[in-house]
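# A closer look at the structure
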Amino acid sequence: FDLRQQQEMLASNSLPLFQLTLRHAKNKKELRLVSDSGWRQATLRQTSQRLILTWENPQEAALQGLRVSASVLLDDADNALRWKLNVENKNADWTVWRVVFPQVALADLGDGSSVLFPRGPGEVQKGVWKRVFKYRGNYPGGWCSMQFMAAYRETESPTGLYFAVHYPLGGTKDVVLESAPAARSVRLSYDHPSPNMGVAGNDFELGGEAVWQLLRGDWFDAATLY
């Protein structure tokens, strides 16, 4: 929510913060877990600068031994949230296959709204809240060379969201943008293959940090943040 502009950014059809895909190491069966359901225990605690969110004890009996923790730094100076995520897997049968984190559904910001995404040297599309549009790029690559996106409104009252992964060492991931015209929303996410995928009991740790930052500007201003 942009307080200065009194602008709600989140769409009404919100997305879970993360989605895990797990695969049985032997029979290859897949199961999915999301942040907003399927857990017997979820906790939230606050430190001086961070919120620590923890999910454990999945309702699916086969997935016992799985624990997810996310921490978010509340960066007042930059109007930003800086996320880290860890998946601890002590299950001897299941492997963490893919992790979608973070993901967010953004509402239509009004006339002049655009999205920036990293196809080629970077591309801007206008009005995608009102039409079908999809992009999925595999980073790092010649046609997906950056780990950031942005959604913003270019008017006399500019607002928007910078949505990135800051990880200087890279790390492969799919950068995903998809519109939902019926709900007038745009969905942004990062889909990460897990290290040692296929090995039962593997863990996952987000490389670097995921950043959500208030953006008052356009593609150029988003690029300077990156």
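Cut-offs used in this document
- Residues numbered from 1 in each chain as written.
- Predicted model: local features only at pLDDT ≥ 70, side-chain atom pairs only at ≥ 80, totals over all residues.
- Heavy atoms only, no water.
- Buried < 20%, exposed > 50% of the residue type's maximum accessible area, 1.4 Å probe, protein only.
- Helix = DSSP H or I, 4+ residues; strand = E, 2+ residues; numbered from the N terminus.
- Pairing = 2+ DSSP bridges.
- 1 Å grid on protein atoms, 1.4 Å probe; cavity = no way out; pocket = protein on both sides within 12 Å on 5 of 7 lines; lining within 4 Å.
- Points joined across faces, edges and corners; volume = space filled by probe spheres on them.
- Nonpolar A, V, L, I, M, F, W, Y, C, P; charged D, E, K, R; others polar.
- Phe/Tyr/Trp six-rings, centres within 6.5 Å; stacked < 30°, edge-to-face > 60°.
- Lys NZ or Arg CZ within 6 Å of the ring centre and 35° of its normal.
- Axes fitted to C-alpha atoms, helices over the stretch in contact; angles between N-to-C directions.
- Salt bridge = Lys/Arg side-chain N within 4 Å of Asp/Glu carboxyl O.

## Description of the pairing of strand S13 (residues 173-180)
Within S13, seven of the eight residues are buried, leaving the element largely enclosed by the surrounding structure. Across six bridges, strand S10 (residues 134-139) lies against S13 in antiparallel orientation. Looking at S13, one finds that arginine 136 is bridged to valine 176. The antiparallel pairing of S13 with strand S14 (residues 185-193) creates a hairpin that spans four residues between the two strands, and arginine 184 there sits at a positive phi of about 55°.

## Focus on the layout of surface pockets
Estimated volume of the largest pocket: approximately 600 Å³. The wall of the largest pocket is formed by 24 residues, among which Phe1, Met9, Leu81, Leu161 and Trp212 lie closest to the centre. Residue assignment for the lining of the largest pocket shows that the elements contributing at least two residues are strand S5 (66-75), strand S6 (80-89), strand S7 (94-107) and strand S16 (209-214). A total of four residues in the lining of the largest pocket trace back to one element, the largest contributor, which is S7. Counted by class, the lining of the largest pocket contains 15 nonpolar, four polar and five charged residues.

## A short note on unusual backbone geometry
Cis rather than trans, the peptide bond between phenylalanine 101 and proline 102 has omega equal to -15°. For proline 102, the position within the fold is in strand S7. Of the consecutive residues tyrosine 139 and proline 140, the connecting peptide bond is found in the cis state with omega at -5°. By the element assignment, proline 140 lies in the loop between S10 and strand S11 (148-153).

## Focus on the packing of aromatic side chains
Counted according to the given criterion, the structure contains 11 aromatic pairs. Their ring planes at 90° and their centres at 4.8 Å tell us that phenylalanine 18 and tryptophan 55 sit as a pair that is edge-to-face. Highlighted residues: phenylalanine 18 in the segment before strand S1 (19-24) and tryptophan 55 in strand S4 (residues 50-58), separated in sequence by 37 residues. By relative accessible area, phenylalanine 18 is classed as buried at 0%. Each ring, one from tryptophan 83 and one from phenylalanine 101, has its centre 6.1 Å from the other, and the planes form 80°; the classification is edge-to-face. One end of the pair, tryptophan 83, is in strand S6; the other, phenylalanine 101, is in strand S7, and 18 residues separate them in sequence. For the residue pair tryptophan 83 and phenylalanine 101, the accessibility class agrees, reading buried in each case. A cation over a ring is seen here: arginine 23 above tryptophan 97, with NZ or CZ 3.8 Å from the ring centre.

## Observations regarding the sheet that holds S10
To summarise the sheet geometry, strands pair through backbone hydrogen bonds and adopt either a parallel or an antiparallel arrangement. Strand order across the open sheet formed by six strands is S2-S1-S7-S14-S13-S10, with antiparallel pairing between neighbours. Each edge of the open sheet is held by one strand with a lone partner, namely strand S2 (30-34) and S10. Between one strand and the next, the sheet's axes are offset by a mean angle of 20°, whatever the strand orientation. Where S13 meets S14, seven bridges bridge the pair, whose relative direction is antiparallel. Within the sheet, the bridge partner assigned to valine 176 lies in S14 and is serine 189.

## What to know about the pattern of salt bridges
If the charged atoms of two oppositely charged side chains come close together, the side chains can form a pair. Applying the stated rule across the entire model yields 16 salt bridges. A salt bridge links glutamate 30 to arginine 23; its shortest N-O distance comes to 2.6 Å. A relative accessible area of 21% means that arginine 23 is categorised as partly exposed. Close ionic contact of arginine 184 with aspartate 108 constitutes a salt bridge, the shortest N to O distance being 2.7 Å. With a gap of 76 residues between them, arginine 184 in the loop between S13 and S14 and aspartate 108 in the loop between S7 and strand S8 (113-117) connect regions that are remote in the sequence. Overall, aspartate 108 belongs to the buried group, its relative accessible area being 19%. Linked through salt bridges whose partners overlap, the residues forming this network are Asp75, Asp78, Arg82 and Glu209.

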